[in-house]
Amino acid sequence: MNIRMIIKVLGTLLIVEAASMLPSLLVSLIYGQDDFSAFVVTIMLLLVTGLIMYSIKAPNTNLYSKDGFAIVSLGWILVSLFGALPFFLSGAIPHFADAFFESVSGFTTTGSTILREVESLPRGILFWRSFTHWIGGMGVLVLMLAVLPKAGASTFQIMKAESPGPNPDKLVPKIGQTAKILYGIYLVLTIILIVLLVIAGMPLYDSLIHALGTAGTGGFSNMNRSVGAYNNVYAEVIITVFMFIFGTNFTLHYQVLKGNWKAMFKDDEFRFYLGTMVAAIILMTINLTGTIFNSVWESLRHASFQASTIMTTTGFATTDFNLWPSFSKVILVLLMFIGASAGSTAGGLKCIRIVLLLKTIKREVIKVIHPKSVCTVKVGGRVLDDSIVSGATSYFFAYMIIFTVAILIVSLDGFDLTTTFTSVATTIGNVGPGLEMVGPVGSFADYSVLSKIVFSFVMLFGRLEILPMLILFAPSFWKKVNI
Amino acid sequence: MKIIIVGDGKVGYSLAESLSQENHDITIIDKNPEALKKASDYLDVMCIQGNGLSASILIEAGVKTADILIAATSSDEMNMVCCLTGKKLGAERTIARIRDPEYAKELSILRDELDLDLVINPEQAAAREIARLLRFHSAMDIEIFAKGRVELVELKVTEEMPIIDMDFMTISKKISSNVLIGAVLRDNEVIIPNGSFVVKENDILYILGEPSSVFDFGRQIKKCIPKIRNVMIVGGGRIAYYLARNLRQFDMKVKIIEENMDRCVELSELLPDCLIIKGDGTDYSLLQSENLSDMDAFVSLTGHDEENLIAALLAKQSGVKKVIAKVTRINYPTIIKNMGIDCVVNPKIITSNYITRYVRGLTNAQGNPVETLYSIIGGQAEALEFIVHNNNAKFLNVPLKKLKLKEGVLIAVIVRKNDIIIPHGDDVIKKGDKVIIITKNRHLTDLNEIIASGGI
């Protein structure tokens, strides 16, 4: 491992994080609440640590794929640790384990919270909480690549390790340019969303918070009752649509920008994503009409918002779906596992992997009927490499293992089965709310410190797609000479 | 610039490597996913898996807005078709690697009909490079123009040279060689000389001309060009053929050792002036009986790196002054350096350097109506290539001696179709010529600007 170079890159990352705290500093300055000093201290700490790490001389600047993985996993842990400081220093969250949970939940765009009540928190802190969603959604390291003047060839390893999906690819030949385009699309869409929300009648500050939460598919709100607090149909529809947009692969957005509309509907993953969401909305609407809501329209309104928020792993809520009938709740839990598209800001297993798994099963069935048959797995008219197909199956298995181990540890706290099961499902899928105690109106506050730390790591596992985190636990990864 | 490279072999990869370091947008197309994986892992480029001949793949790679399309697959025919398709689809310029000597003879037709901007033959380029290494000290700075047909060679004036204290007029009368002194470096300052310039000791002259003329000039002024008369070549492949033909121009005697009888017969037909010997080039007794130790230079060009290196070591041990080996694998340059072999050439690297240089010229010329632009003499002067159009009418067909040029500007070479003209007073510029201008004056953007006010 090229440890010097890794430290150097991590130092740069911390400097970028310091810069990303400036908007929150500005907000706290405007509202003049007592969180100002917490930001100043954190920024100073970040700058000093970052500059010291950056000043290390690295004679060899090559980064191989394991270095890329190390940078991503260590970088995310570091960024989350420093990101927790404003919460802790301002006194908004008195325990550091809680602050770390909140920070990880922000950066991984989960949106689970240990706060029972958020409306009384200083505005700068709330802004920072939502801003972590925004930079975590597209990726902290991708942000670093976008702002760096010259990103070398080896930095592609970093982007590959951080971007979600089985086979991340570049949009344009240069990595720095790709990162800039991605953040450009992201920024423009976010600004459009803010404007639309203001037009729909939401106050500017609340629009900012909800736009940042939607863009990162995070789900932190400044209201205890989330989006439901406004009871504003327009805002709900806008957020529903934009959650869907941010859950779509950004490569498709780029294609559409270039005028290639057809690419969107030719894409296997997008069709699956759209189809699943529409099916879920229809089924839930039928199930809810008459049992919870009286009119079809009201059922449709809440079913579509909830389907979009859970499938894109955002985690806002307009109603307490904990009270819904079991059928709808099971659909929501299934959507938690599926997640949205690869290459988006969303979490979960990702639609493309489900598509791949389904196609593999189909291939296995054909193999039984025609034992000598040769079939390739095709997506979008292109034959996929076997390593990608088998990568998807092993990813699914690894996901389930992490899920099982986490449930086992969390169950020590003795909460009921639904709470335990959905709390892990929601954190590994970076969704936000679960059912029962951790439902849309609940919080994770009652869990023990051990469980909170486990949840924090589970969120990181989910966001970074397991392998970069798992590699930290491999002994041979740390040895100087690894054979 | 947006550059598409078709074919991710050694040439494609090293091209992508050097061009991406110069900040171009590179897209590589290849059928082989293994080769692409290496490129996408180590280079900041985009890789597309597919057939570079297919229009849809080329369009996906962005051929419509591409500045340069480089076809570097292993097949000549594929490269030609690829460039043809690419040009029709909208690529600004196309570069093809064409190596078959059959085609090499018809290059100018091919170039015109297929509208190729640059054709490169790796073997021929390698042969030129080896010939250059044999003619000059390797430390000497050499620049090439007009696709390798014109050289700019650096020459330091020392006291034993007869040209000291002569002006250029006298020199050109005394020394019968068709060359031009393009620039002089005196006390670290570049001077673009005229006819009355007087040469002093310690001046560094930049001599411009066709390779054979430059060599001839160097010999006449007794610059200690290594006295190489006898060259032994082991391996009779295409490079050996081109090299032997090349060396004959400089009156060097060439002996080729080749194992394959049929090839030997073929070579003896093609190269009547050379001695062809059938035998194993790594066989020490054969080499000795062919008096290896009396040779001035030894070049090993077989298809195996190991044989080339061993033969070269044998030659070095026998006391040959200059030993050159061809090595195809590029992974171990430092080991070879320690072995004591004078020079190692790699045709693929030479090819890729050649194209890189061309691309650099194009990049420098961007935003200028200049064809290509090279900075020479450590960036202190520029060599610009213009194409003569109608609007340069005021000096078309006017003898150069009647043109009054600005100070610090020199018409260095006129390329007329396939002819190279080192201009003298009576030569004229015609429409359609390519003119290479050497100038100290930056920002020269139009050929008309070289004429001093009240010229002609």
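Computed from a prediction, not measured in an experiment: that's the story for all the values here.

**Thoughts on the overall build of chain B**
Each helix and strand in chain B was counted, giving 15 helices and 22 strands. What you see for chain B is a C-alpha radius of gyration of 23 Å, in line with the 23 Å of a compact globule of 456 residues. Dimensions of chain B, computed from the C-alpha atoms along their principal axes, are close to 65 × 60 × 40 Å. Relative to its 456 residues, chain B shows a buried fraction of 42%. Sequence separation of 24 or more characterises 62% of the internal contacts of chain B that already satisfy a separation of 6 or more.

**Quick word on the sheet that holds strand 2 (residues 25-30) of chain B**
Across a sheet, strands are paired by hydrogen bonds formed along the backbone, either parallel or antiparallel in direction. Residues and elements named next belong to chain B. Spatially, six strands are ordered 3-2-1-4-5-6 in an open sheet, and the strand pairing comes out parallel. Of all strands in the sheet, those with a lone pairing partner are strand 3 (46-49) and strand 6 (118-120), marking the two edges. Within the sheet, the average angular offset between the axes of one strand and its neighbour, ignoring direction, is 15 degrees. As paired strands, strand 1 (residues 2-6) and strand 2 are joined by five bridges and run parallel to one another. In the sheet register, V6 faces strand 2, and the bridge partner there is I29. Sitting on the sheet, helix 15 (residues 347-364) touches strand 4 (68-71), strand 5 (93-97) and strand 6, and the angle it makes with strand 6 is about 165 degrees.

**Notes on the interface of chain A and chain B**
Counting residues at the interface gives nine residues for chain A and 10 residues for chain B. Counted by class, the side of chain A that touches chain B contains five nonpolar, one polar and three charged residues.

**Here's the deal with helix 3 (residues 36-54) of chain A**
Residue and element names in this part refer to chain A. With 19 residues, helix 3 should cover 27 Å at 1.5 Å per step; its first-to-last C-alpha distance of 27 Å lies within 8% of that length. Three or more residues of helix 3 are buried, namely A38, F39, T42, I43, L46 and G50. All buried residues of helix 3 project into a common sector of 125 degrees when viewed along the axis, lining one side. Of the residues in helix 3, the exposed ones pointing more than 90 degrees away from the buried face are S37, M44, V48 and I52. Against the buried residues of helix 3 lie helix 1 (3-20), helix 2 (22-31), helix 4 (65-89) and helix 6 (123-138).

**Some thoughts on the confidence of the model for chain B**
Low-pLDDT portions of the prediction should not be read for the details of their coordinates. Here chain B shows a mean pLDDT of 82. Residues at 70 or above account for 93%. Here the complex is predicted with pTM 0.82, and the ipTM for its interfaces comes to 0.78.

**Let's talk about the sheet that holds strand 11 (residues 204-209) of chain B**
Residues and elements named next belong to chain B. Spatially, 7-8-11-9-10 is the arrangement adopted by the five strands of the open sheet, whose pairing is antiparallel. Because the sheet does not close on itself, it has two edges, and the strands there are strand 7 (142-145) and strand 10 (189-191). Across this sheet, the average inter-strand angle for adjacent strands is 20 degrees, counted without regard to direction. One ladder, built from three bridges, connects strand 9 (residues 180-186) with strand 10; its direction is antiparallel. Counted as the bridge partner of V184 is I191 from strand 10.

What counts and what doesn't
- Residues numbered from 1 in each chain as written.
- Chains lettered and ligands numbered in written order.
- Predicted model: local features only at pLDDT ≥ 70, side-chain atom pairs only at ≥ 80, totals over all residues.
- Helix = DSSP H or I, 4+ residues; strand = E, 2+ residues; numbered from the N terminus.
- Rg over C-alpha atoms; globule rule 2.2 N^0.38 Å.
- Buried ≥ 20, exposed ≤ 12 C-beta atoms within 10 Å, placed from the backbone.
- Contact = placed C-beta atoms within 7 Å.
- Pairing = 2+ DSSP bridges.
- Axes fitted to C-alpha atoms, helices over the stretch in contact; angles between N-to-C directions.
- Nonpolar A, V, L, I, M, F, W, Y, C, P; charged D, E, K, R; others polar.
- Expected span 1.5 Å × (residues − 1).
- Arc of directions from axis to C-beta.
- pLDDT = per-residue confidence, 0-100.

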